[in-house]
Amino acid sequence: MDLKGKSVVVGVCGGIAAYKVVEVVSRLKKLGAEVDVIMTANAQKFVTPLTFRSLSHRPVVTDMFSDPEYWEIKHVSLAQKADLFIIAPATANIIGKLASGIADDMLTATVVATKAPVLVVPAMNHNMYANPVVQRNIRILKDFGYIFMEPDTGRMAEGSSGKGRLPEPSAIVGKACAILKPEQDLEGIRILVTAGPTRESIDPVRYISNHSSGKMGYAVAQAAHERGADVLLVSGPVGIGCPDGVRLISVTTAQEMHEAVNGNFENCDVVIMAAAVADYRPAEVSERKIKKNGDEMVLRLVKNPDILKTLGTIKGNRILVGFSAETDHLEDNAAKKLESKNLDMIVANDVTMEGAGFGTDTNIIKILKRDGTVIDLPLMSKLEAAHRILDEVRDLVAGPAQAGSKERGG
Ligand code: CTP
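Residues numbered from 1 in each chain as written. Predicted model: local features only at pLDDT ≥ 70, side-chain atom pairs only at ≥ 80, totals over all residues. Heavy atoms only, no water.

S.K.: Help me understand the overall build of the chain, please; the structure alone is not making it clear to me.
M.R.: Per the secondary structure count, the chain includes 14 helices and 21 strands. By its C-alpha atoms, the chain is 85 × 55 × 35 Å across when sized along the principal axes. Across the 410 residues of the chain, 48% fall into the buried class. Long-range contacts, defined as pairs at least 24 residues apart, comprise 65% of the intrachain contacts of the chain with a sequence gap of at least 6. Surface summary for the chain: the accessible area is close to 20,000 Å², and the carbon and sulfur share equals 50%. (Helix = DSSP H or I, 4+ residues; strand = E, 2+ residues; numbered from the N terminus. Buried < 20%, exposed > 50% of the residue type's maximum accessible area, 1.4 Å probe, protein only. Contact = heavy atoms within 4.5 Å. Areas by Shrake-Rupley, 256 points an atom, 1.4 Å probe, with all protein chains shown as cover.)

S.K.: What should I look at first to understand the domain arrangement of the chain in this one?
M.R.: One frequently used descriptor of interface size is the decrease in accessible area upon assembly of the parts. Split into domains, the chain comes out as domain 1 (7-180) and domain 2 (190-402). Look at where the C-alpha atoms of domain 1 and domain 2 centre, and you get two points 42 Å apart. (Domains from an automatic or database assignment.)

S.K.: Help me understand the nonpolar core in this model?
M.R.: The tendency in soluble globular proteins is for nonpolar side chains to be buried side by side. Counting residues in each nonpolar core, the largest one holds 35 residues, and the members touching the most others are I191, I272, I389 and L390. Among the secondary structure elements, those contributing two or more residues to this core are β8 (190-195), α10 (215-226), β11 (230-235), β13 (270-273), β16 (319-326), β17 (345-350) and α14 (382-398). At seven residues, α10 tops the list of elements feeding residues into this core. Setting aside residues no more than four positions away along its own chain, I389 makes contact with M216, F323, M345, V347, I365 and I367. Membership of the second largest hydrophobic core comes to 32 residues, among which are A33, I86, L119 and A123. (Core = buried A, V, L, I, M, F, W, Y, C linked by side-chain atoms within 4.5 Å.)

S.K.: Whenever I open this one, the side chain of T91 confuses me. Can you help?
M.R.: Take T91: it is sitting in the loop between β3 (84-90) and α5 (92-100). Using a relative accessible area of 14% as the deciding quantity, one classes T91 as buried. Within the structure, the side chain of T91 is placed 3.2 Å from the backbone nitrogen of I94, a separation counted as a polar contact. T91 has contacts with C13, G14, A123 and M124, leaving out every residue within four places of it along the chain. (Polar contact = N/O pair within 3.5 Å; in protein donor to acceptor, adjacent residues only side chain to side chain.)

S.K.: It is not clear to me how the sheet that holds β3 should be interpreted in this structure. Could you clarify?
M.R.: Strands pair in a sheet through their backbones, by hydrogen bonds, and they do so in one of two ways: parallel or antiparallel. Taken together, the five strands give an open sheet; going across it, the order is β2-β1-β3-β4-β5, and neighbouring strands pair in parallel fashion. Whereas interior strands pair on both sides, the edge strands pair on one side only; in this sheet they are β2 (34-39) and β5 (147-148). (Pairing = 2+ DSSP bridges.)

S.K.: How do you make sense of the site of the ligand when you look at a structure like this?
M.R.: By nearness alone, 13 residues border the ligand, and M273, A275, F323, K337 and K341 come closest of all. In the environment of the ligand, an oxygen atom lies 2.7 Å from a nitrogen or oxygen atom belonging to the backbone of A275. The backbone of F323 places a nitrogen or oxygen atom 2.8 Å from an oxygen atom of the ligand. Considering the ligand on its own, with 570 Å² of exposed area, one finds that the protein chains cover 76% of that surface. (Near = heavy atom within 4 Å.)

S.K.: Even after reading the chapter, I still don't get a nonpolar patch on the surface, so can you show me in this structure?
M.R.: Residues Y280, M297, L299 and L301 make up a contiguous nonpolar surface patch of roughly 380 Å² in combined accessible area. Here M297 lies in the loop between β14 (280-282) and β15 (301-303). Since its relative accessible area comes to 56%, M297 is described here as exposed. (Patch = residues over 30% accessible without salt bridge, like charges linked within 9 Å, V, L, I, M, F, W, Y side chains within 5 Å. Salt bridge = Lys/Arg side-chain N within 4 Å of Asp/Glu carboxyl O.)

S.K.: Hey, could you run me through the layout of surface pockets in this one?
M.R.: The gaps left among the atoms become clear once a water-sized probe is rolled over them. By volume, the second largest pocket is sized at about 950 Å³. Among the elements that take part in the lining of the second largest pocket, β16 stands out by supplying four residues, more than any other. (1 Å grid on protein atoms, 1.4 Å probe; cavity = no way out; pocket = protein on both sides within 12 Å on 5 of 7 lines; lining within 4 Å. Points joined across faces, edges and corners; volume = space filled by probe spheres on them.)

S.K.: Please explain helix α11 (residues 254-265) as it appears in this structure.
M.R.: Every α-helix winds through 3.6 residues per turn, so residues three or four apart in the chain are directed the same way. Between its first and last C-alpha, α11 extends 16 Å over twelve residues, near the 16 Å set by a 1.5 Å rise per residue. Taken as a whole, α11 has its buried residues at A254, M257, H258, A260, V261 and F265. (Expected span 1.5 Å × (residues − 1).)

S.K.: Mind showing me how you'd approach the packing of α10 against α14 here?
M.R.: Helix-helix packing is characterised by the crossing angle of the two axes and by the distance between the axes. Between α10 and α14, the least distance of the axes is 8 Å, while the angle of their chain directions is 60 degrees. The orientation of α10 relative to α14 falls into the category oblique. Relative to α14, the crossing made by α10 is right-handed. In contact with K215, M216, A219, V220, Q222, A223, A224 and E226 of α10, α14 contributes K382, L383, A385, A386, H387, I389 and L390. When the residues that make up the contact of α10 with α14 are grouped by side-chain class, the tally is ten nonpolar, two polar and three charged. (Axes fitted to C-alpha atoms, helices over the stretch in contact; angles between N-to-C directions. Parallel < 35°, antiparallel > 145°, perpendicular 65-115°, else oblique. Left-handed = near helix turned anticlockwise from the far one by under 90°. Nonpolar A, V, L, I, M, F, W, Y, C, P; charged D, E, K, R; others polar.)

S.K.: It is not clear to me how the pairing of β13 should be interpreted in this structure. Could you clarify?
M.R.: On any regular strand, side chains alternate: one points to one face of the sheet, the next to the other face. Residues of β13 alternate between two faces, with V270 and I272 on one and V271 and M273 on the opposite face, all of them buried. Looking at chain direction, β8 and β13 are connected through four bridges and run parallel. Bridging from a neighbouring strand, L192 pairs with V271 of β13. Note: β13 against β16, four bridges, orientation parallel.

S.K.: What am I meant to see in the environment of V285 here?
M.R.: Tracing the backbone shows V285 in the loop between β14 and β15. In contact with V285, other than residues within four places in its own chain, are S201, I202 and D203.

S.K.: I tried to follow the side chain of R318 on my own but got confused; where do I start?
M.R.: With respect to the element layout, R318 can be found in the loop between α12 (307-313) and β16. For the buried residue R318, which engages in no salt bridge, the nearest side chain bearing the opposite charge is E266, 5.9 Å off. Of note is the side chain of R318, whose polar atom sits 3.0 Å from the backbone oxygen of F265. Side-chain polar atoms of R318 contact the backbone oxygen of C268, separated by 3.2 Å. Apart from residues lying up to four places away in sequence, R318 is in contact with F265, E266, C268, D269 and D344. (Lys, Arg positive; Asp, Glu negative; His and termini not counted.)

Here's what the structure looks like:
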């Protein structure tokens with residue numbers, strides 16, 4: 001599984017099995033996850049922070065009160081960014097503390113502050129594990145929604161045998177993947193996504209284009225694929241790779257994009273037009289390089305087809321989603337486009353706002369729907385924004401009867 005874009009925080013406690021968690025971190029990294037490690041004071045007696053730092057390529061958090069000069073994150077920000085927490089090896093001590101709501105070090109404080117799922121992987125002496133107070137604490141945490149892995153049974157570090165060994169790193173990572181795998185709520189839905197700019201040639205060396213990086217559309221394509229959709233991406237020229245599992249048609253001009261979209265429209269259920277299509281193209285494309293001549297130059301432009309507007313006239317039952325990048329009157333302009341292009345939904349963003357412009361990895365979007373609903377979302381990663389857009393798409397595909405009964409968590 002690809003964990004690109006996922007943030008996993010691994011809390012390492014003081015147990016002999018701490019060394020096995022080194023492999024857990026290494027495997028998560030190989031799958032593409034961003035991994036932050038928090039070590040308790042006792043954990044550092046078994047494995048050095050340097051080992052985890054070398055593997056995670058991130059500063060290792062060891063002390064609640066140290067100067068955060070190397071990491072932009074305090075316990076609250078780590079708690080917020082995590083898609084998953086793994087506590088391994090989870091000692092009787094940490095299980096007891098969490099069951100009692102104690103937050104007296106970086107690890108416990110971060111876990112208490114997170115809304116992400118927490119996977120607890122106990123490893124301890126088998127008598128400790130069997131102790132009724134430990135078992136009671138595990139039950140308490142399970143009731144709160146903490147996810148537990150059963151320890152393996154076998155020979156323990158101190159020589160005796162029993163149930164208390166840390167499960168194999170591959171099993172821990174497998175469990176993490178199962179938790180992180182998004183719900184396949186778009187399975188069977190065929191989604192056509194457009195992304196990037198178009199380029200309109202002036203002559204063999206020059207063109208008209210715009211600042212679109214394609215990141216938002218690519219994030220939509222990736223997120224839709226992760227949720228089980230059959231995704232076709234029609235992309236203008238961009239500098240990013242096509243997400244795994246997504247079919248790609250590369251185009252350059254608005255006319256080429258129009259043809260690619262039209263040719264595939266019949267076989268799709270949803271079209272999400274995130275591309276920044278050039279509205280005009282040069283009336284004539286010179287076959288030879290235009291030489292500099294005089295102080296002024298006038299370029300005559302002709303209108304490109306409005307791809308989305310055309311689709312709006314033949315949409316049938318398909319769901320059409322537009323994007324509206326604006327500098328002024330965001331909501332009004334987006335609402336007009338929603339209406340005039342016969343869309344089901346439009347995603348508006350003010351490109352002048354910090355964190356919402358071209359080329360950034362984040363966006364600040366408003367989602368306007370046909371029924372007048374406006375969903376105002378805060379600054380978030382483009383991948384997260386993509387998921388929020390797809391939540392709405394899923395509800396529109398399901399129709400009014402099902403919408404609302406399928407709230408996505410997180
Ligand atoms: N769009 C399209 N074909 C075009 C222009 C735009 O399909 N020739 C789509 C875009 O992909 C986007 C939506 O229409 O989903 C709105 O694009 P935008 O450029 O914001 O709107 P325009 O209708 O071009 O209006 P204006 O440029 O005047 O704001």
